Amino acid sequence: MELKSQINLDKLPRHIAIIMDGNGRWAKQHGKPRVFGHQNGVKSVRETTEAAAELGVDYLTLYAFSTENWNRPKLEVNALMSLLVETLNKEIKTLNKNNIRLQAIGDISKLPKKTYKALLEGIENTKNNTRMTLILALNYSARWEILQAAKGIAEKAKTENLKIEDVNEEVFANFLSTKGVPDPELLIRTSGETRISNFLLWQIAYTELLFVPTFWPDFRKPDLYKAIIDYQNRERRFGKISEQLV
Ligand code: FPP
């Protein structure tokens, strides 16, 4: 049976998060510089976004650049930033045509001016789209995000009438950059690495994790379908036992 038709559309994850990994190794395998891997990774971004929107997923979050990625060689960082500008400028039309809203999480004001500007324009130009939200994690790290939330709460407790005893999970989550976005039900990491690498640490408390060996530039629609089928075959117990689940 065709993969896509094996997906139960009534049990789709509302939010899928992806750690796109393996661009460098993919390029090496092809005897090319690392940047070639990132360039080909853009095709996978396009395909995955299209596949998720076609299925009816509400949110797709892609880890595109971590706060730790600044430590890479300057040439690679610059190439990634230019690639982002180029891709954003080129793909905004496609996002609008497909009714997809762009958002970003991370310390984006610290991105190079051109990247920041292209990103803000993309967010502004797609803000009324309703079919799916594509969230790019850029200059993002979960510990940074959690610290920001803690500082925000401390500030509000000091200057406004937020009582410390009223801070619960819901209040805390409202100080995160994912405010208003449901936690991902499925997190995929490509390239065979089995780490979280400082991604969405608060939000993935009950997320199903899937590590696939495919390098990101090889990731295509069928790979997303397989991931969703794998997710749908799991039992999510949230601390309960099987018999308690209806
Ligand atoms: C990880 O592979 C990939 C990245 C750090 C960057 C991801 C960026 C893109 C796919 C391009 C642009 C994205 C968008 C959203 C337009 P790696 O370099 O860590 O690979 P390696 O582990 O094999 O070295």
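Structural data are supplied above this passage.
The numbers attached to residues start from 1 for each chain and follow its sequence in the written order. Only residues with pLDDT of at least 70 are given local features in this predicted model, and only at 80 or more are side-chain atom pairs given and counted; all residues enter the totals for whole chains, interfaces and linings. Hydrogens are left out, water is left out, and the side-chain values use all remaining heavy atoms of the structure.

1. Examining the site of the ligand
Argument step 1. A molecule or strand has a residue near it when one of that residue's heavy atoms lies within 4 Å. With respect to spatial proximity, 19 residues lie near the ligand, and among them Asp21, Gly24, Arg25, Arg34 and Arg72 are the closest.
Argument step 2. Counted as a polar contact is a pair of N or O atoms within 3.5 Å, where, for protein atoms, one must be capable of donating a hydrogen and the other of accepting one, and residues adjacent in sequence contribute only when both atoms are in side chains. The contact in question runs from an oxygen atom of the ligand to an N or O atom on the backbone of glycine 22, over 3.3 Å.
Argument step 3. Coverage of the ligand by the protein chains reaches 92% of its 620 Å² of free accessible surface.
Argument step 4. Throughout, the protein atoms alone are placed on a 1 Å grid, and a set of points is a cavity if a 1.4 Å probe fits but cannot get out or a pocket if it is open with protein on both sides within 12 Å along at least five of seven lines; lining residues have an atom within 4 Å of a point. A molecule is counted as occupying a cavity or pocket when more than half of its atoms fall within 2 Å of that pocket's grid points. One can see that the ligand is located within the largest pocket.
Argument step 5. Throughout, the ten residues Ala, Val, Leu, Ile, Met, Phe, Trp, Tyr, Cys and Pro are labelled nonpolar, Asp, Glu, Lys and Arg are labelled charged, and all others, Gly among them, are labelled polar. Classifying every residue of the shell around the ligand by side-chain character gives eight nonpolar, seven polar and four charged. Residue-level accessible areas treat just the shown protein chains as cover; the underlying method is Shrake-Rupley with a 1.4 Å probe.

2. Some details on the environment of threonine 133
Argument step 1. Working definition: helices are DSSP H or I runs of at least four residues, strands are E runs of at least two. Numbering for both runs from the N terminus. If you trace the backbone, threonine 133 turns up in strand β4 (residues 132-140).
Argument step 2. Only protein chains enter the accessibility calculation, which uses a 1.4 Å probe. A residue is then buried if its area is under 20% of the maximum for its type, exposed if over 50%, and partly exposed in between. Classification of threonine 133 as buried rests on a relative accessible area of 5%.
Argument step 3. In what follows, a contact means two residues having at least one pair of non-hydrogen atoms within 4.5 Å. Filtering out sequence-adjacent residues up to four positions away, threonine 133 remains in contact with Asp58, Tyr59, Leu60, Arg101 and Gln103.

3. What about the layout of surface pockets?
Argument step 1. Grid points are joined across faces, edges and corners, and a volume is the space filled by probe spheres set on the points. For the largest pocket, the calculated volume is near 920 Å³.
Argument step 2. Together, 41 residues line the largest pocket, and Met20, Val45, Tyr63, Ala64 and Trp216 are the ones closest to its centre.
Argument step 3. Among the elements of the structure, α1 (23-29), α2 (34-55), β2 (59-66), α3 (74-97), β3 (100-105) and β4 are those that each provide at least two residues to the lining of the largest pocket.
Argument step 4. Here the element with the most residues in the lining of the largest pocket is α3; it accounts for nine residues.
Argument step 5. Each residue belonging to the lining of the largest pocket can be placed in one class, and the counts come to 19 nonpolar, 12 polar and 10 charged.
Argument step 6. Computed from the structure, the second largest pocket encloses a volume of approximately 340 Å³.
Argument step 7. Lining the second largest pocket are 18 residues; nearest its centre among them are Glu169, Ala173, Asp183, Trp202 and Gln203.
Argument step 8. Each residue belonging to the lining of the second largest pocket can be placed in one class, and the counts come to eight nonpolar, five polar and five charged.

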